[in-house]
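Inside the fold
For reference, the chains in residue letters:
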Amino acid sequence: MATGRTHRTATRSRGIPEATVARLPLYLRALTALSERSVPTVSSEELAAAAGVNSAKLRKDFSYLGSYGTRGVGYDVEYLVYQISRELGLTQDWPVVIVGIGNLGAALANYGGFASRGFRVAALIDADPAMAGKPVAGIPVQHTDELEKIIDDNGVSIGVIATPAGAAQQVCERLVAAGVTSILNFAPTVLSVPDGVDVRKVDLSIELQILAFHEQRKAGEEAEAQAGAVLDAEAAAAADEAGKGPDGDVPAVMPA
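The rules behind these values
- Residues numbered from 1 in each chain as written.
- Predicted model: local features only at pLDDT ≥ 70, side-chain atom pairs only at ≥ 80, totals over all residues.
- Heavy atoms only, no water.
- Phe/Tyr/Trp six-rings, centres within 6.5 Å; stacked < 30°, edge-to-face > 60°.
- Helix = DSSP H or I, 4+ residues; strand = E, 2+ residues; numbered from the N terminus.
- Buried < 20%, exposed > 50% of the residue type's maximum accessible area, 1.4 Å probe, protein only.
- Salt bridge = Lys/Arg side-chain N within 4 Å of Asp/Glu carboxyl O.
- Pairing = 2+ DSSP bridges.
- Contact = heavy atoms within 4.5 Å.
- Axes fitted to C-alpha atoms, helices over the stretch in contact; angles between N-to-C directions.

1. Some remarks on the packing of aromatic side chains
If you walk through the whole model with that rule in mind, you get three aromatic pairs. Both rings, one in Y27 and one in F62, keep their centres 5.0 Å apart while their planes meet at 75°; by these two values the pair is edge-to-face. Of the two residues, Y27 is situated in helix α1 (residues 18-36) and F62 in helix α3 (residues 55-65); the sequence distance between them amounts to 35 residues. Each member of the pair, Y27 together with F62, is buried. Residue classification places F62 among the buried residues on the basis of a relative accessible area of 0%. Connected via pairs of aromatic rings, a cluster forms that spans Y27, F62 and Y75.

Below is the structure:
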């Protein structure tokens, strides 16, 4: 079986835009759900809605894969699952190491979605000597002193960093020096890497801050709408009052 060290997907050489690459996992997730329900075909509109994109963008994305569907029938679900999986490099085994087995690292180790998506957790690594040998998700934790040997023995090219921010850069440098060329970073810091190394950052605090911004904006819009409704009501009441005569019921100026 091929490993991440010996084989790379040809996505970049085929000129598929990064924005399209970023949407392929969304399509794959929607298609996998359809496959599990034994749905044979799906229209571009249905698949786009399931993936959260518009159908024109989906058709454009699939054109880069050479898949155009069949008019009146749609796309073959199983074939698309295979085609996108192959394009993403998920038809092979990708050994992954997770460095930093605190609460977050342990949660990642216990995540059941890795194996079903082509990734194998090859090792769990932590700097705490007290953690060495302790099983997490059935895998014994190994000390960081063994990091380079672990990467070499398992042919690892993808590393996950779940350490505190202060340790992340040093861990990153050791991973890169050992041959890791793709890093998923959960540490709340920006990593500096050489050319040829890809880093994807997952910062939960930033995502929450973005949600807080939208919540604040929605609250402001609601407050403005309520204030506008009050002003409209007051203006209507004032206009109604101005249209009444001295006795309150008869207009002050009668038409000729």
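2. Some words on the pattern of salt bridges
If you walk through the whole model with that rule in mind, you get seven salt bridges. R174 is the salt-bridge partner of E148, the closest N and O atoms lying 2.9 Å from each other. With E148 in helix α7 (residues 147-154) and R174 in helix α8 (residues 165-177), this residue pair connects regions lying 26 residues apart in the sequence. For E148, a relative accessible area of 33% corresponds to the partly exposed category. Given a relative accessible area of 24%, R174 falls into the partly exposed group. Put simply, D203 and K201 hold a salt bridge, and the shortest N to O gap is 3.6 Å. A relative accessible area of 12% means that D203 is categorised as buried.

3. Concerning the sheet that holds strand β6 (residues 139-143)
With respect to topology, seven strands assemble into an open sheet ordered β5-β6-β4-β3-β7-β8-β9, the strand pairing being mixed. Edge strands, defined here as strands with exactly one partner in the open sheet, are β5 (135-136) and β9 (198-201). Where strand β3 (residues 94-99) meets strand β4 (residues 119-126), six bridges bridge the pair, whose relative direction is parallel. Residue pairing in the sheet places V96 in a bridge with V121 of β4. This element, α8, spans β3, β7 (158-161) and β8 (182-185) of the sheet and lies at about 170° to β7.

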